[in-house]
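Structure assessment
The primary structure of each chain is shown beneath.
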Amino acid sequence: LGRRRWPCTGDATIAISEPVRQHLLQDFHVPPERVHLIPHGIDTAPFESPVDPMEQQRLREQVGIPRSGRIVGAIARLVPSKGVDHLVRSFVQVRASVPATHLLIVGDGTQRQALEQLVRASGLDGSVHFTGALPETRVALSLMDVFVFLPAQQEGFGLSLLEAMASGRPIVAVRRGQGAPWVLEESGVGTLVEPDDPAALGRAVAQLLQDGEAACRQAGHARAVVKERYSLSRMVDEVEVVYRELLS
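Each chain carries its own residue numbering, running from 1 in the written order of its sequence. Only residues with pLDDT of at least 70 get local features here, since the model is predicted, and only at 80 or more are side-chain atom pairs given and counted; chain-wide, interface and lining totals rely on the full set of residues. Processing note: side-chain calculations cover all non-hydrogen atoms of the structure and skip hydrogens and water entirely.

This brings us to the side chain of threonine 101. Helix and strand definitions here come from DSSP, where helices need a minimum of 4 consecutive H or I residues and strands a minimum of 2 consecutive E residues; each element is numbered from the N-terminal end. Tracing the backbone through its elements, the reader meets threonine 101 in the loop between α5 (84-97) and β4 (102-106). Under this definition, polar contacts are N or O atom pairs within 3.5 Å; protein pairs additionally need one hydrogen-donor-capable and one acceptor-capable atom, and for neighbouring residues in sequence, both atoms have to be side-chain atoms. At a separation of 2.6 Å, a polar atom in the side chain of threonine 101 contacts the main-chain carbonyl oxygen of valine 98. Should any heavy atoms of two residues lie within 4.5 Å, those residues are considered in contact. Here threonine 101 is in contact with Arg70, Val72, Phe91, Val94, Arg95, Ser127 and Leu209, once residues within four sequence places are set aside.

A few words on the sheet that holds β4. Think of it this way: DSSP has to see at least two bridges between two strands before they count as a pair. The strand order β5-β4-β3-β6-β7-β8 describes an open sheet built from six strands, whose pairing is parallel. Bordering the open sheet on either side are β5 (128-132) and β8 (191-193), each of which pairs with just one other strand. The mean angle between the axes of side-by-side strands here comes to 20 degrees, regardless of whether they run parallel or antiparallel. Bridge count for β4 against β5 is four bridges, and the pairing is parallel. Opposite valine 106, over in β5, you have glycine 132 as the bridge partner. To define axes, lines are fitted to C-alpha atoms, for helices over the stretch in contact only, and angles between the resulting N-to-C directions are given on a 0 to 180 degree scale.

The definitions used throughout rest on a 1 Å grid laid over the protein atoms alone, on which a cavity is an enclosed set of points accommodating a 1.4 Å probe that cannot get out and a pocket is an open set flanked by protein within 12 Å on both sides along at least five of seven lines; lining residues are those having an atom within 4 Å of a point. Grid points are joined across faces, edges and corners, and a volume is the space filled by probe spheres set on the points. Looking at the second largest pocket, its volume works out to about 150 Å³. Those elements that provide at least two residues to the lining of the second largest pocket are α4 (53-63) and α7 (138-143). Among the elements that make up the lining of the second largest pocket, the one with the highest residue count is α4 (four residues). In terms of residue class, the lining of the second largest pocket is built from five nonpolar, one polar and three charged. Only Asp, Glu, Lys and Arg are considered charged in this grouping, and only Ala, Val, Leu, Ile, Met, Phe, Trp, Tyr, Cys and Pro are considered nonpolar; every other residue, Gly among them, is considered polar.

Further remarks concern unusual backbone geometry. Most peptide bonds take the trans form, and the phi angle of most residues other than glycine is negative. Of note in this structure, alanine 100 is not a glycine but carries a positive phi near 70 degrees. Relative to the helices and strands, alanine 100 resides in the loop between α5 and β4. Here the term buried applies to any residue with accessible area under 20% of the maximum for its type, exposed to any over 50%, and partly exposed to those in between, with areas from a 1.4 Å probe on protein chains only. The exposure class assigned to alanine 100 is partly exposed, which follows from its relative accessible area of 42%. For aspartate 196, which is not glycine, the phi torsion reads 60 degrees and is therefore positive.

Below, the discussion takes up the pairing of β4. Burial within β4 is extensive, with five of its five residues counted as buried. Alternating residues of β4 divide into His102, Leu104 and Val106 and Leu103 and Ile105, and every residue in both groups is buried. As defined by bridge partners, strand β3 (residues 71-75) adjoins β4 across five bridges and the pair is classed as parallel. Residue pairing in the sheet places valine 72 in a bridge with leucine 103 of β4. In this fold, β3 hands off to α5, which returns the chain to β4; that crossover is right-handed. When the strands point away from the viewer, a crossover counts as right-handed if the route from the first strand across the helix to the second turns clockwise. Running through helix α6 (residues 112-121), the crossover from β4 to the neighbouring parallel element β5 is right-handed.

A word on the environment of arginine 95. Structurally, arginine 95 can be placed in helix α5. Spatially, the C-alpha atom of arginine 95 lies 30 Å from that of tryptophan 182, the residues being 87 residues apart in sequence. At a separation of 2.8 Å, a polar atom in the side chain of arginine 95 contacts the main-chain carbonyl oxygen of threonine 101.

Let's shift gears to helix α12 (residues 232-247). Along an α-helix, residues three or four positions apart point the same way, because every turn accommodates 3.6 residues. Multiplying one less than the number of residues by 1.5 Å gives the expected span of a helix. With 16 residues, α12 extends 23 Å from end C-alpha to end C-alpha; this agrees with the ideal 22 Å at 1.5 Å per step. When we look at burial in α12, the residues that qualify are Arg234, Met235, Val239 and Val242. Looking straight down α12, one finds its buried side chains confined to an arc of 130 degrees; they lie on one side. Opposite the packed face of α12, turned more than 90 degrees from it, sit the exposed residues Tyr243, Arg244 and Leu247. Buried residues belonging to α12 abut β1 (13-15), β2 (35-37) and α11 (212-229). Note that the arc is computed from the directions linking the helix axis to the C-beta atoms.

Residues grouped as a nonpolar core are buried Ala, Val, Leu, Ile, Met, Phe, Trp, Tyr and Cys residues, joined through side-chain atoms within 4.5 Å. By size, the foremost hydrophobic cluster in this structure holds 34 residues, and its most contacted members are Leu104, Met144, Phe147, Leu161, Met165, Ile171 and Tyr230. Residue contributions to this core peak at five residues, all from helix α8 (residues 159-166). Each residue touching methionine 144, except ones within four places of it in the same chain, is listed here: Ile71, Gly73, Ala74, Ile75, Leu104, Val106 and Arg169. If you look at the next biggest cluster of nonpolar residues, it comprises 31 residues, including Ala74, Ile105, Leu115 and Leu208.

Another point: the pattern of salt bridges. Salt bridge criterion: a side-chain nitrogen from Lys or Arg within 4 Å of a carboxyl oxygen from Asp or Glu. Scanning the entire structure with this criterion turns up 15 salt bridges. Of the charged contacts in the structure, one is a salt bridge between glutamate 48 and lysine 227, with a shortest N-O distance of 3.5 Å. Placement of the pair is glutamate 48 in helix α3 (residues 45-48) and lysine 227 in helix α11, with a sequence separation of 179 residues. Here glutamate 48 falls in the partly exposed class, since its relative accessible area comes to 30%. Notably, a salt bridge pairs glutamate 185 with arginine 175, separated by 2.3 Å at the nearest N-O pair. Pair noted here: glutamate 185 is in helix α9 (residues 179-187) and arginine 175 is in the loop between β7 (171-174) and α9, with a separation of ten residues, a long-range link. The partly exposed category is assigned to glutamate 185, whose relative accessible area is 48%.

Here it is in structure tokens:
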């Protein structure tokens, strides 16, 4: 209601994804000529640089992940809307298909205690590891053999998705909301699975862990796409165009 009464759309509005643009046009009736589609951009350089093995080992030791074994990872707020509980449930199937795999969950939130209880109830003690909130994700991403993206229903975009793409991680994403599916479907990156289906999520993750060639192809494609379409310099240039149009 507040957004409808005080839309704050100004003389120009930047939409960070096509679904957000459609939301502005259809639900808030912003004139099309005032809406500019400029997707998020990130500085890809830090994620392309090699990570110091000592930093990787320190993180492994901090959360209790052994030197050997595969790692599936996610970066998310630990709140119900993200569906992290479905990822934990799916990991039972992943471990059955690819033993000695570990799950690394980066982030914190109100659901953490409940998720830790679910880990114990699912017999996953010692194979699921919570880092809490981290100041930066580069080292954690470098450890992940597969990145699982868990968008919320109302999420317009996900920066952690771009960071995983820049890191060259194979991606499995839940088809929730519209922003992340738009990014992945538009670029042909990653594997999308339906929401609230831990079995399908587990199968998709296990398949990437078992098919190294497919995972490598997907990772290379993801890195190329983020550099071409979602760089920080591209975003800045496009925002500057909007500012100049307004000033003139």
